[in-house]
Each structure stands twice: as C-alpha cells, then as structure tokens.
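Residues per chain are reported as follows:
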Amino acid sequence: MSELTHASAQKRPIGGQLLGSSQLVLGAILAVLCIAISIAAPQFYSEANIIAILRQCALVLIVASGMTMLIITAEVDLSVGASLAFVGCIGMAVLNSTHSLALGMLAALAFAGGVGLFNGLVVTRLRVNSLIATIGTMMMLQGGVYLFTREAVQNHNQLASFTDLGAGYVGAVPVPVIIAALIFVFAYVTLRFTTLGRYLYAVGANEKAVRLSGLRSERLKLLAFVVTGLCVGVAGMILSSLMNAGQPTAGRGFELTVIAAVILGGTSLLGGRGSLFGTLLGVLVLKVIDNGIIILGWNQDLQMVVPGIVIILATYLDIIRNKANVR
C-alpha cells in the first residue's frame, strides 16, 4: 500500500483543512441556533428540554456512527429506518415471550446484523449499487414487518430493566446518551487510531489500489454494513423502550436524518473522507433545529423538510470540497 499511502499523504493536508474548517462552521451554526432559539423561547434551556434533545440525538448518533464508517467506504444504507422499526417489533416480541431483556436484545442485534450482512453481500457479491440494493431491502422490510405483525407489539412484561434502557438515568445522564457515547467513542477510536480505520478510509479513497495491495476490500465493506446494522439493533431497542412498544411505522424518515447528519458533518458520499466529530455536530444541528420547530410552535412537517434541504446543500458542499482536493 505504499503508493496509496503516499498519495493519501499528499492530499491529506488540503482535505484535513477543509474538513476542519467545515466543523468550525458547523460549531458556529450550532451556537447561533442555540442562542436564537433561546431568545425566542427561553424554555429551550430548561432541564427537561435539554434532556429531550439529548435523547433524540442519542438515537440518531448511534446509527450515524456506523453510517459514517460505511459512507467512508463509499457505500450507503437506506434501509436503516425500516430495519429500526422491524427490530423494535422483533425485540419486543421476543421479550414478551421469554421475559428476558438479554434475549430480546440478542434477537434484535441478530436480526439487524443479519440485515446488514444481507445488504453487504448483495453489494459486494452481486455487485449491486448500494443505493439500489438498500432501497430494495427497505421495501422488503417495510412490507415484511406487516407480515410479522399488523399492529404495534405492546410491552406485556413491564420489566424495569427494559424501561430503564430508554427512560433510565445513571446519575443525571440518560441511559441512551451513555450508550450513544460509548458507541461513538468506540467508532471514533477505530477510525482514528487503528489499522482497520485506515483501511476503511483507503477503500473509499481508492478501492482499486487497496485490491492491488492485497487487501480484501469486499470484506471491509461487508464489515461496515454489519456494524451499521448492529448499531440499528441497539437504537431499535432503545426506541421501543421509549415508546413501550414495537411500532411498525417507527422508523419512517429516520434514514434521511441519519444520512443528512453524516453528510452535513463533512463525510464525503464519494468515500475516503469523513469525521465522526463532524457527524456529532451534524446530529446536534439537526436535532436542535427539530426541537426549535417544536417549541416555537411551527408546523412539525418542517422536521421532514429540513433533512432534505441539508442533504442537497451538504452534497453540493462536498462537490466543492472534492474540486478543491483535486486542485
């Protein structure tokens, strides 16, 4: 991988500067949003509202951590929203039948990881574009969940441990925030400080060079798909705990929010460049906007409009960054 490493080293200063500057801009935008919303609605800084924002951020950040790793390899998964809903229904059904949170979690993780594995195999073995492949998976999951259950799977056990998964605290910190922080740190360390992380970046930057160096790029992409799926499994069980039920429609539009946060954070859809810290800022910006829409009394349909606008603008900025890297 010497040629690939040399080429990457030459491009890194420009790309790193651009990525760093975009994170500074995001941080400034986040600060301005918080100040503006708090002036219009002083309750923005209330303890209850801050906790609500953190819980919403936690769900998105868990899946966005895996999605960042995946998009860095130049692939994407549009099925995470549909999988999130299905995972909640399966986990709740197993929890009801076994009275065991551990078995419910294992079932959710096995299903979500299996969805990630399926997507990865379709992309790497059948050579189907990940956008098309995961749209197909999304459609199958959206229909399949109604074959599994025609209505919400209610919680019939009222296990305290399951309730704590979504609504519990450790001290003053909500449990979902702690789980999200642990997953984020693990993903950050993997991408930033491990050989595996460097390989993931290399696959996205120049897959042909990675293959010529003797690495199996297909296995690396497959791993990224499975990791993303496992993150969906964790988020799905937390969401079902918060709702106290598995809802077949729970994940509608979730994939757009996740992808918008990742792209807004500076991860390139072309692969090879991205930052989990940028993803964190992207999640915070989107969720602060969502919260502002609610507490200011605006039409809540805007919560679906904003991610669409963000995806378009962030993709355009990504094109500009790529042109700057070429120069």
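This write-up is about the structure you can find in this document. (Residues numbered from 1 in each chain as written. Predicted model: local features only at pLDDT ≥ 70, side-chain atom pairs only at ≥ 80, totals over all residues. Heavy atoms only, no water.)

**A look at the packing of aromatic side chains**
Stated formally: Centres within 6.5 Å make a pair out of two Phe, Tyr or Trp rings, where for Trp the six-membered ring is used; the pair is then stacked when the planes are under 30 degrees apart, edge-to-face when over 60, and tilted otherwise. The secondary structure listing takes helices from DSSP runs of H or I that are at least 4 residues long and strands from runs of E that are at least 2 residues long, numbered from the N terminus. Here the term buried applies to any residue with accessible area under 20% of the maximum for its type, exposed to any over 50%, and partly exposed to those in between, with areas from a 1.4 Å probe on protein chains only.
Counting across every chain of the model gives 5 aromatic pairs. Centroid distance phenylalanine 44 to tyrosine 45: 5.1 Å. Interplanar angle 70 degrees. Geometry classified as edge-to-face. Where phenylalanine 86 meets phenylalanine 111, the ring centres are 4.7 Å apart and the plane angle is 45 degrees; that geometry is what we call tilted. In this pair, phenylalanine 86 sits in helix α3 (residues 80–98) while phenylalanine 111 sits in helix α4 (residues 101–124), placing the two residues 25 residues apart along the sequence. Classification of phenylalanine 86 as buried rests on a relative accessible area of 8%. An aromatic cluster of at least three residues, connected via ring pairs, comprises Phe86, Phe111 and Phe148.

**So, the nonpolar core**
Cut-off, in case you're wondering: By nonpolar core is meant a set of buried Ala, Val, Leu, Ile, Met, Phe, Trp, Tyr and Cys residues that side-chain atoms within 4.5 Å join together. Throughout, a contact is declared for two residues whenever any of their heavy atoms are within 4.5 Å.
Membership of the largest hydrophobic core comes to 81 residues, with the highest contact counts inside it found for Ile62, Val63, Met67, Met237, Val258 and Val283. When residues in this core are grouped by element, the largest group, 14 residues, is from helix α2 (residues 47–72). Ignoring any residue separated from it by four or fewer positions in sequence, one finds valine 283 in contact with Cys57, Val60, Leu61, Ala64 and Ala261.

**A short note on empty space enclosed by the protein**
The condition is simple: Think of a 1 Å grid over just the protein atoms. A cavity is a set of points where a 1.4 Å probe fits yet cannot get out, a pocket is an open set with protein on both sides within 12 Å along at least five of seven lines, and lining residues have an atom within 4 Å of a point. Grid points are joined across faces, edges and corners, and a volume is the space filled by probe spheres set on the points. Amino acid classes used here: Ala, Val, Leu, Ile, Met, Phe, Trp, Tyr, Cys and Pro are nonpolar; Asp, Glu, Lys and Arg are charged; the rest, including Gly, are polar.
Following the criterion strictly, the structure yields 2 cavities of 30 Å³ or more and no others. As a volume, the largest cavity reaches approximately 40 Å³. When contributions to the lining of the largest cavity are tallied by element, the ones reaching two or more residues are α3, α4 and α10 (217–243). Approximately 40 Å³ is the volume found for the second largest cavity. Surrounding the second largest cavity, Leu84, Ala85, Gly88, Gly236, Leu239, Ser240, Met243, Ala245, Gly246, Gln247 and Ala250 form its lining. Of all the secondary structure elements, the ones that give two or more residues to the lining of the second largest cavity are α3, α10 and β4 (245–246). Ranked by residues supplied to the lining of the second largest cavity, first place goes to α10 with 4 residues. When the residues that make up the lining of the second largest cavity are grouped by side-chain class, the tally is 6 nonpolar, 5 polar and no charged.

**Regarding the environment of serine 217**
Where we set the bar: Polar contact criterion, stated in full: a pair of N or O atoms within 3.5 Å, where within protein one must be able to donate a hydrogen and the other to accept it, and residues adjacent in sequence count only if both atoms are side-chain atoms.
Locating serine 217 in the fold gives a position in helix α10. With relative accessibility at 0%, the residue serine 217 sits in the buried group. For the pair formed by serine 217 and glycine 91, sequence separation is 126 residues and the distance between their alpha carbons is 32 Å. Once residues lying within four places of it in the same chain are set aside, the contact partners of serine 217 are Val203, Glu207, Val210 and Arg211. Looking at serine 217, its side chain comes within polar contact range of the side chain of glutamate 207, at 2.9 Å.

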